[in-house]
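# What the coordinates show
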Amino acid sequence: MIPSDATFAGTFPFAPHFTDAPGFRMHYVDEGPRGGEVILCLHGEPTWGYLFRHLISTLNQTHRVVVPDHMGFGKSETPEGRSYWLQDHIANLETFVLALGLTDITLVMHDFGGPVGMGFAARHPHRIRRIISANGPTPFGQPDLGDQVMANAALSPWFQWIIKAEAYGTLEPVLNNLGYNILSTLKLNGFENNTVITDSWLNAYIAPFATAAECLGALGWAKGFATGSHQFEIPDPAAERIIRGKPALAIWGEADRTLHAEHFLPLFSALFPSAPIERLPGVGHYCFEDAPEMISRLIADFVQRT
């Protein structure tokens, strides 16, 4: 586990906070003024709250910015004997949000943070103020969800590798050594901005996966897809009606090789037909690394406007 006070040469200067509410030691950043709107940022595979460092610095003067690390990621604990499926992360997030009493929430979701955040929104739609998807899927009971996910997997090198590796028994040996192959994993998913790669940056993404025992979260997310173990939360009609009425924004790096715009933006537009979509040419899957200033500005402007 990363030392709680690690700042990676000052690139992540935020005070660490922890809660045991979800049944493990969960780390989160909690910056900015209390009592107002909350910006809740949800990372995906195989990143952590470090991904949102520029956005935190952009918004924490005006908003409370809360950034949890999912179980098995970042500075959060990686407990043995737990499953790391989508439904587990949704339940953990629900417990976390209720423990902190967060309301008036703007969800900012990347990668599998999308299904986790939308799962929470299905359970607690009244706590949501806005939805922001940044290369993060927004599954919410759309009838073609399964078809779009499978069609995307047929195009995605990451998902193709997961399926083959699980079949050939190489998924665990590779992902259990994620600390050694993190850069190739990021590149496979779609990472374009090589100028951000420094020793401290690389250490920030390597550090959570120092041993095989600390790779359970990253392995679980991949294995859950290969084995069909992830369960999407299905909203009831009342929750769907409430969420459809919320302001929403999609930001999509079009060089994403893992989550293709052609399959995931239709899911967003089905839920939010009049919502704006910002398509960013040349920006990859990890849009917060490829275009941090642009993404931060788009999100800040949208929050201010709505």
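That block above? That's the structure.
Note that this is a predicted model, so its numbers are computed, not measured.

Turning next to the pattern of salt bridges. Enumeration according to the criterion identifies 13 salt bridges in this entry. Across the salt bridge formed by Arg-53 and Glu-289, the nearest N and O atoms sit 2.8 Å from each other. With Arg-53 in helix α1 (residues 53-59) and Glu-289 in helix α12 (residues 287-290), this residue pair connects regions lying 236 residues apart in the sequence. We classify Arg-53 as buried; its relative accessible area is 7%. On the accessibility criterion, Glu-289 (2% relative accessible area) is buried. Between Asp-104 and Arg-129 there is a salt bridge, and its shortest N-O distance comes to 3.2 Å. With Asp-104 in the loop between α2 (86-100) and β5 (105-109) and Arg-129 in strand β6 (residues 128-134), this residue pair connects regions lying 25 residues apart in the sequence. On the basis of relative accessibility, which here comes to 27%, the residue Asp-104 falls in the partly exposed class.

Note on placement: Glu-240 falls in helix α10 (residues 237-244). What makes Glu-240 partly exposed here is its relative accessible area of 27%. In this structure the C-alpha to C-alpha distance between Glu-240 and Phe-140, which are 100 residues apart in sequence, comes to 7.6 Å. Sequence-distant contacts of Glu-240, defined by excluding residues within four places in its chain, comprise Phe-140 and Pro-235.

When you line up the elements, Gly-74 lands in the loop between β4 (64-68) and α2. Taking the relative accessible area as the measure of exposure, Gly-74 reaches 4% and is therefore buried. Between the alpha carbons of Gly-74 and Ala-238 there is a distance of 35 Å; along the sequence they are 164 residues apart. Apart from residues lying up to four places away in sequence, Gly-74 is in contact with Ile-2, Trp-48, Asp-69 and Pro-208.

A word on the packing of aromatic side chains. All chains considered together, the criterion is met by 18 aromatic pairs. An aromatic cluster of at least three residues, connected via ring pairs, comprises Phe-8, Phe-12, Phe-14, Trp-48, Tyr-50, Phe-191, Trp-201 and Tyr-205. Geometry around Phe-18 places Arg-25 over its ring, the cationic atom sitting 3.6 Å from the centre.

Rules behind the numbers
- Residues numbered from 1 in each chain as written.
- Predicted model: local features only at pLDDT ≥ 70, side-chain atom pairs only at ≥ 80, totals over all residues.
- Heavy atoms only, no water.
- Salt bridge = Lys/Arg side-chain N within 4 Å of Asp/Glu carboxyl O.
- Helix = DSSP H or I, 4+ residues; strand = E, 2+ residues; numbered from the N terminus.
- Buried < 20%, exposed > 50% of the residue type's maximum accessible area, 1.4 Å probe, protein only.
- Contact = heavy atoms within 4.5 Å.
- Phe/Tyr/Trp six-rings, centres within 6.5 Å; stacked < 30°, edge-to-face > 60°.
- Lys NZ or Arg CZ within 6 Å of the ring centre and 35° of its normal.

Purely geometric stuff here, so don't read any function into it on its own.
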